[in-house]
Amino acid sequence: MKSQTIRINDIGNELDELEKKARDLVLELNKKRPEYTSKAYLAEYHIRGLNYHYKNIVKYYNNFVKEVGMRLEVGSEVVWMYSPDYQTMLFEVYALVNLARISLDNLRDYLSPLFITPYNNLPKSVNDFVKGKTECPIYEWIGTQQTFEYLIDLRNCIVHYRSFGINDNTIVSEEGVSVNELTDITKIKLAPMGRAFYRKLDNGGISINIFLPDKIFDKSNNGKKLANFTYQNRWNILSMSRSFAQAASDVILSSMLLVMENDEPLYTYTK
């Protein structure tokens, strides 16, 4: 069986293009709005950082897939293996998720020239911004996107509730095997937040995926507690990381464009 790895070129060059647009915007803003220079450079820095972490995720994800593929070739049904590449990939996911959230919080600084509301009355958290009322199209759009909701929940989870953290041993099971079944097999308590699975393909190959939970928090009955993690949506950690990086980069660029195109305060914010 041959495992399938991901090449950066196969997933498009959208993040590289966004990074280039950021560089061009910084140069243009330096000419048109020199007082905005420091904010523009910070915005570009965040976009470059998101791209950097994403490419590292691809690198270590592929290393992990190759390692698992070699073990499955000998007929193993459940792989329990030493895999520092998996752990290193999670370091990069941590960094990307937190940087993406920081980037969203920093929209307050990028967009503050467009707010009639005094800067000190603008919330520091993007979450508080979205829960309040504003006519700013950037925040209105963020409030409608599932990607941002999941990103914010994931960041809150890994910072305040539960870590991604695992040791450098990893379990990979065939899709459909539950965490409880794995616990019985390995005789250890193991319920990692991200779960690695494999699936045999009709062409004789094998697909190896690391999935994030379908949802992070149970918000029913006006409450908020960690959900029982399930993986039916098959939200691959690689594609989700790409979505986080691209969505955050898009709103950063949109914010800079909005500032460049408008010289006067336009928007208000209220709780």
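It should be emphasised that the depicted structure is a prediction, and the values quoted were computed from it without experimental measurement. (Residues numbered from 1 in each chain as written. Predicted model: local features only at pLDDT ≥ 70, side-chain atom pairs only at ≥ 80, totals over all residues. Heavy atoms only, no water.)

1. A short note on the packing of helix α3 (residues 84-105) against helix α7 (residues 146-161)
Here is step 1: One way to put it is that α3 packs onto α7 with a least axis distance of 10 Å and a crossing angle of 120 degrees. For the pair α3 and α7, the crossing hand works out as left-handed. Between α3, through Tyr94, Val97, Asn98, Ala100, Arg101 and Leu104, and α7, the contact on the second element is made entirely by Phe148, Leu151, Ile152, Leu154, Arg155, Asn156, Ile158 and Val159.
Here is step 2: By residue class, the composition of the contact of α3 with α7 is 10 nonpolar, two polar and two charged. (Axes fitted to C-alpha atoms, helices over the stretch in contact; angles between N-to-C directions. Helix = DSSP H or I, 4+ residues; strand = E, 2+ residues; numbered from the N terminus. Left-handed = near helix turned anticlockwise from the far one by under 90°. Contact = heavy atoms within 4.5 Å. Nonpolar A, V, L, I, M, F, W, Y, C, P; charged D, E, K, R; others polar.)

2. Concerning the packing of helix α2 (residues 37-72) against α3
Here is step 1: Running from N to C, α2 and α3 cross one another at 160 degrees; their axes reach a closest spacing of 8 Å. With respect to each other, α2 and α3 are oriented roughly antiparallel. In this structure, α2 meets α3 at a crossing whose hand is left-handed. Contacts between α2 and α3 involve His46, Gly49, Leu50, His53, Tyr54, Asn56, Ile57, Tyr60, Tyr61, Asn63, Phe64 and Glu67 on the former and, on the latter, Asp85, Tyr86, Thr88, Met89, Glu92, Val93, Ala95, Leu96, Leu99, Ala100, Ile102 and Ser103. (Parallel < 35°, antiparallel > 145°, perpendicular 65-115°, else oblique.)

3. As for the confidence of the model for the protein chain
Here is step 1: Across the protein chain, the average pLDDT comes to 84, with 87% of residues at 70 or higher.
Here is step 2: Confidence scores differ between elements of the protein chain, with helix α8 (residues 179-186) showing the lowest mean pLDDT of 50 and strand β9 (residues 269-270) the highest of 95.
Here is step 3: This stretch, residues 1-6, has a pLDDT under 50; its non-local contacts, to residues over four places away or in other chains, come to 23 contacts.
Here is step 4: Note that residues 184-190 has pLDDT below 50 and, in this model, nine contacts with residues that lie over four places away or in other chains. (pLDDT = per-residue confidence, 0-100.)

4. Remarks on the packing of aromatic side chains
Here is step 1: On inspection of all chains with the given rule, the structure shows 11 aromatic pairs.
Here is step 2: Both rings, one in Phe129 and one in Tyr139, keep their centres 3.8 Å apart while their planes meet at 10 degrees; by these two values the pair is stacked. Here Phe129 is found in helix α5 (residues 126-131), whereas its partner Tyr139 is found in helix α6 (residues 137-142), with 10 residues between them in sequence. Comparing Phe129 with Tyr139 shows no difference in burial state: the two are buried.
Here is step 3: Here the aromatic rings of Tyr150 and Phe244 are separated by 6.3 Å at their centres, their planes lie at 20 degrees, and the arrangement is stacked. Remark: Phe244 occurs in helix α9 (residues 237-261) and Tyr150 occurs in helix α7; sequence separation between them is 94 residues.
Here is step 4: Residue Tyr150 is classed as buried on the basis of its relative accessible area of 8%.
Here is step 5: Taking the relative accessible area as the measure of exposure, Phe244 reaches 2% and is therefore buried.
Here is step 6: Of the aromatic side chains, those joined through ring pairs into one cluster are Phe115, Phe129, Tyr139, Tyr267 and Tyr269.
Here is step 7: The lysine or arginine in question, Arg108, covers the ring of Tyr119, its NZ or CZ lying 3.9 Å from the ring centre.
Here is step 8: Above the ring of Tyr231, the side-chain terminus of Arg195 is found at 5.9 Å from the ring centroid. (Phe/Tyr/Trp six-rings, centres within 6.5 Å; stacked < 30°, edge-to-face > 60°. Buried < 20%, exposed > 50% of the residue type's maximum accessible area, 1.4 Å probe, protein only. Lys NZ or Arg CZ within 6 Å of the ring centre and 35° of its normal.)

5. What to know about the nonpolar core
Here is step 1: In this structure, Leu107 and Leu154 are the most contacted members of the largest nonpolar core, which totals 81 residues.
Here is step 2: Looking at which element gives the most residues to this core, the answer is α9, with 14 residues.
Here is step 3: Once residues within four sequence positions are removed from consideration, Leu107 is found in contact with Ser112, Ile138, Tyr139, Ile142, Val251, Ile252 and Ser255. (Core = buried A, V, L, I, M, F, W, Y, C linked by side-chain atoms within 4.5 Å.)

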